[in-house]
Amino acid sequence: MTHHTPSGHHPSLSQLGFWRKYIFATDHKIIGLQYGITALFFLLFGFCLMLLMRWQLAYPGEPIPFIGKFLGEGRAPGGIMLPEFYNELGAMHGTIMVFLGIVPLVFGAFGNYIVPLQIGAPDMAFPKLNMISYWLFFVGGVVMLVSFFLPGGAASSGWTSYSPLANIASLGQTFWIIGMFFLINSSLLGAINFIATVIQLRAPGMTFMRLPFFVWSQLVTAFLLLLAFPPLEAAAVMQLLDRVAHTSFFLPSGLVVSGEPLQVSGGGSVLLWQHLFWFLGHPEVYVLILPAMGIIAEIIANNIRKPLWGYRSMVYSVVFIGFMSFIVWAHHMYLTGMGTTISAFFQATTMIISIPSVIILTCLFLSLWGGSIRFNVPMLFTLAFLPMFGIGGLTGLPLGLSAPDIYLHDTYYVIAHFHYIVAPGTIFAIFAGIYHWFPKVTGRHLNNLLGHIHFWPSFFMMNCIFIPMFAQGLAGVSRRLYDGGEQYTFAQGVLPLHKMISMCAWILALAQLPFIINLLWSMFNGRKVSSDNPWEATTLEWATPTPPGHGNFVKVPTVHRGPYEYSVPGAAKDFTPQNEE
C-alpha cells in the first residue's frame, strides 16, 4: 500500500486558471461536482420526458397543454402526441435516467468526491484519466440530446435497443449507439481509476476491514462496470455495423419490413443482442443500488450513534452480490423459450442473489434497534429507503421465476418493481447523500424546513404512483402501449388508475421545486457549519478542512480503528474518529 503526499500530487489549485481549475479539472472534488451537476440536469430532463408520457397515458388523444404546440408537427400535430414520439420518450427516458442520471450521480459524483476522502487519499490514482472520464460522459450526454433534433427524432427502440427493431430504426438510433460508446468508455476509465485508488492510496492503517461500507460498495461497483460493459460495447459495435455497413450480426434472414423482404448478408441472431445487453443489464441494476446502499449505511451509522450491526456480513454480502450478478442475466429472457433446464439454472441463481441483499437490508434494520436515532432530513430519506427497497426486492422475486414472469413480463408490474428499486430506492439515497455531505462540500447546511417540504410529498407520491402499477400489471396491461391499453376490454377496471398515477407524478414534480430552491439558495446563503465535523461522524472525510482544499488533508492521516466507533463504553464522547489515537 502506497500513499502520496499532498504536495507532490499535482499543481496547487491556486496556481491554476479558471479553465484548468473548474472546467478541465483534475482534482477529484471538482470532477465529482461536475458529475453531480451534469447528472442532476439529466435526471431532471429525463423526469420531464416521463411527465409528457404520463399525459399521453392519462388523456390519450388529447392535446398536451402549454407545450404541445411547441413540439412540432412531426411529434405532436395539433398538440396530440404521435405513437412514434411516445416511443422516443420511452426509450430516451430510460436511457437518460439510468446511464446519464443515476449511475453518474452515485458512482461518478459521490464516488469521486467521497471515496478518496474516506480512504485518506490526496486524490484519485490517475487524475487526468479522471478528467477524461468526465468529458467522455459529457460528450455522450450531448450526443444523446442532439439526437432529438435529427430527422426522425431520437432513438425509439426502448432503452434496451432490441434488435431487429433497433437495426432498422431512424438515424437517432445510430446516435444512441455512438452516445453509448462515450458513456461506456467513461465508465471503464472511471472503474479502473476507482480500483487503483482504493487498492493503492489508502492511508496508513486503513486495512480493507477498516474501509467504510460506502467504499466497499464503490469498489465492487467498479469491478461490475469494468467486467460487464465490454460485452455491451462489442454488441454496440456490431449493431452499428448492422446499421451502417449492412452486416447482419443481429438480423435474421426472412425479415419483412413494410411489406418488403429485407435483404441481409446472412442469418444473424436477435437473441445474441439480448444476451450481450442483459449481461451488462443485470449487473447495471447493482451498479445503481450498491452505491445507494453504501450511502444509506453511512447515514444510518452516523444518526443512530452506534456501530452498524454485522459490518463484516455486509461486506461479504456485497462482494458475493458482485460475483453472482454475472450469472443471473437470462432471467430477463424467459419469454425467448430457452428451455426448462437453463431456465431452472437462472431461477436458482436469481433466488440465491436475493439472499445477500436481504442480509444487507436486515443488518441495516437491526442497526436501528436500540439506537439513539436523530430524525434529521438525510435520516428521513434513509429510513424511507429501507422499506421501499424491500418492496422493490420482494416484488422482484416472482419475476425471477419463469412461470409468473411469462405472465408478468413487459407489464406495468415490471415498471413498478424496477422503479421501487431506483426511484424511492436509489434516488432517495441520492437525496439523503446530498443532504448529508452538502455541509462538507460547501461549508453550509441545507435548509431544514425546505428539506421536510421536499421529503414528505415525495415519499407519499412515490407510493401513490407505483403501487397502482402493480394492480395494472397483474391485470395484464402492457407497459409499451401509447394509449395506456384502452383497447384492453379485460383491463378496463384498472385503466382509470392512469389518471391518478399521472396526477401524482405531476405533484411529485412540484415537490422537487423546494429541493432545487434549497440547493441553489443554500450554496451561498445557507447556515454556515460550526465545525469541520458538524454531524459528529467518525469517517475520514470529516477530518478534512471544510470544504477540503488541495491534497484534502493538512497532514496524511493515520487510521487506528474501524469506521463506525460510536458510543464506545468508557469513551469521553459518543464518537471516536478513525484517525484519533
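Here the structure is a predicted model, which is why all the values come from computation and not from measurement. (Residues numbered from 1 in each chain as written. Predicted model: local features only at pLDDT ≥ 70, side-chain atom pairs only at ≥ 80, totals over all residues. Heavy atoms only, no water.)

(A) Seen up close, the overall build of the protein. In terms of regular secondary structure, the protein is built from 15 helices and two strands. Expected size for 581 residues packed as a compact globule is a radius of gyration near 25 Å; at 24 Å, the protein falls within 12% of this value. Taken over the C-alpha atoms alone, the protein extends approximately 80 × 55 × 50 Å along its principal axes. Out of the 581 residues belonging to the protein, those deemed buried represent 58%. Pairs at least 24 apart in sequence give 78% of the contacts found in the protein among residues at least 6 apart. Carbon together with sulfur atoms contributes 71% to the accessible area of the protein, which is approximately 22500 Å² in total. A distance of 12 Å separates the average location of the 24 positive side-chain charges in the protein from that of its 22 negative side-chain charges. (Helix = DSSP H or I, 4+ residues; strand = E, 2+ residues; numbered from the N terminus. Rg over C-alpha atoms; globule rule 2.2 N^0.38 Å. Buried < 20%, exposed > 50% of the residue type's maximum accessible area, 1.4 Å probe, protein only. Contact = heavy atoms within 4.5 Å. Areas by Shrake-Rupley, 256 points an atom, 1.4 Å probe, with all protein chains shown as cover. Lys, Arg positive; Asp, Glu negative; His and termini not counted. Charge placed at Lys NZ, Arg CZ, Asp CG, Glu CD.)

(B) The arrangement of helix α6 (residues 213-244) in detail. End to end, α6 covers 45 Å across 32 residues, agreeing with the expected 46 Å (1.5 Å per residue, within 8%). Of all the bends in α6, the greatest, near 30 degrees, is centred on F229, and the proline P230 appears no more than four residues after it. The buried count for α6 comes to 24 of 32 residues, which makes it a mostly enclosed element. Among the residues trailing α6, H246 stands out with phi positive, at a value near 60 degrees. (Expected span 1.5 Å × (residues − 1). Bend = angle between axes of the 7 residues up to and from the residue.)

(C) Highlighting the pattern of salt bridges. For the coordinates displayed, the defined rule picks out seven salt bridges. Notably, a salt bridge pairs E536 with R305, separated by 3.9 Å at the nearest N-O pair. Of the two residues, E536 sits in the segment after α15 (513-525) while R305 sits in the loop between α7 (270-304) and α8 (311-324), which places them 231 residues apart along the sequence. Close ionic contact of D410 with R480 constitutes a salt bridge, the shortest N to O distance being 3.5 Å. Pair noted here: D410 is in the loop between α11 (402-408) and α12 (412-442) and R480 is in the loop between α13 (448-474) and α14 (497-511), with a separation of 70 residues, a long-range link. Judged by relative accessible area, which is 42%, R480 ranks as partly exposed. (Salt bridge = Lys/Arg side-chain N within 4 Å of Asp/Glu carboxyl O.)

(D) Looking closely at unusual backbone geometry. Going from S163 to P164, the amide bond is cis rather than trans, its omega being 0 degrees. With respect to the secondary-structure elements, P164 resides in the loop between α4 (127-146) and α5 (171-200). The backbone phi angle of E536 is positive, close to 55 degrees, even though this residue is not glycine. Backbone geometry at N552 places phi at a positive 75 degrees, although glycine is not the residue there. As for its position among the elements, N552 is in the segment after α15. Look at N552 and you get buried, because its relative accessible area is 1%.

(E) A look at the environment of N552. Between the alpha carbons of N552 and R527 there is a distance of 23 Å; along the sequence they are 25 residues apart. The contact partners of N552, leaving out residues within four places of it in the chain, are H28, K29, P116, L117, A121, P122, D123, T544 and P545. Within polar-contact distance, the side chain of N552 engages the side chain of K29 at 2.7 Å. (Polar contact = N/O pair within 3.5 Å; in protein donor to acceptor, adjacent residues only side chain to side chain.)

(F) Examining the nonpolar core more closely. In terms of nonpolar packing, the biggest core is built from 179 residues, with M92, F213, I289, L290, I300, L364 and F385 touching the most fellow members. With 21 residues, helix α3 (residues 83-119) is the single largest residue contributor to this core. In this view, L364 contacts I296, A297, I300, L308, M314 and L386; residues no more than four positions away in its chain are not counted. (Core = buried A, V, L, I, M, F, W, Y, C linked by side-chain atoms within 4.5 Å.)

(G) Structural detail: the packing of aromatic side chains. Under the counting rule described, the total for this entry stands at 46 aromatic pairs. Seen from their ring centres, W55 and W506 are 5.9 Å apart, and the 35 degrees between their planes marks the pair as tilted. Here W55 is found in helix α2 (residues 28-58), whereas its partner W506 is found in helix α14, with 451 residues between them in sequence. We classify W55 as buried; its relative accessible area is 15%. Between Y134 and F138, the ring centres sit 6.2 Å apart and the planes meet at 35 degrees, which makes this aromatic pair tilted. Remark: F138 and Y134 occur in helix α4; sequence separation between them is four residues, near one turn of the helix. For F138, a relative accessible area of 31% puts it in the partly exposed group. Cation over ring: R202 sits above F208, and NZ or CZ is 4.1 Å from the ring centre. Taking NZ or CZ as reference, K573 lies 5.5 Å from the ring centre of F575, over its face. (Phe/Tyr/Trp six-rings, centres within 6.5 Å; stacked < 30°, edge-to-face > 60°. Lys NZ or Arg CZ within 6 Å of the ring centre and 35° of its normal.)

(H) Just α14, in detail. For α14, built from 15 residues, the straight-helix expectation of 21 Å at 1.5 Å per residue is met to within 8% by its first-to-last C-alpha distance of 21 Å. Looking at α14, one finds that the buried residues are H498, I501, S502, C504, A505, L508 and A511. Contacts made by the buried residues of α14 are with α2, α12, α13 and α15.

(I) Molecular detail of the packing of α3 against α6. It is at 10 Å that the axes of α3 and α6 come closest, and there the two elements cross at 130 degrees. Regarding the angle of α3 to α6, the classification is oblique. Seen from above, α3 lies across α6 with left-handed handedness. Counting all contacts with α3, which are made through F99, V106, F107, F110, G111, I114, V115, Q118 and I119, the residues of α6 involved are F214, V215, Q218, T221, A222, L225 and F229. Its residues assigned to classes, the contact of α3 with α6 comprises twelve nonpolar, four polar and no charged. (Axes fitted to C-alpha atoms, helices over the stretch in contact; angles between N-to-C directions. Parallel < 35°, antiparallel > 145°, perpendicular 65-115°, else oblique. Left-handed = near helix turned anticlockwise from the far one by under 90°. Nonpolar A, V, L, I, M, F, W, Y, C, P; charged D, E, K, R; others polar.)

(J) Molecular detail of the packing of helix α9 (residues 340-368) against helix α10 (residues 377-396). Orientation of α9 relative to α10, taken along the N-to-C sense of each, is 135 degrees, at an axis distance of 11 Å. Relative to α10, the element α9 lies oblique. Here α9 runs over α10; the crossing is left-handed. Two secondary-structure elements touch here, α9 through L361, L364, F365 and L368 and α10 through M379, L383, L386, P387, F389 and G390. Along the lines of polarity and charge, the residues of the contact of α9 with α10 split into nine nonpolar, one polar and no charged.

(K) How the structure looks around a nonpolar patch on the surface. Together, L44, L510, L513, I516, I517, L520, W521, M523 and F524 line one region of the surface with nonpolar side chains, adding up to about 900 Å² of accessible area. Counting through the fold element by element, M523 comes out in helix α15. (Patch = residues over 30% accessible without salt bridge, like charges linked within 9 Å, V, L, I, M, F, W, Y side chains within 5 Å.)

(L) Up close: the environment of F213. Within the secondary structure, F213 is located in helix α6. Residues F213 and V315, 102 residues apart in the sequence, show an inter-C-alpha distance of 7.0 Å. Setting aside chain neighbours within four positions, we find F213 in contact with M293, G294, A297, E298, Y311, M314, V315, V318, I360 and Y564.

Any functional reading would require information beyond the geometric quantities listed.
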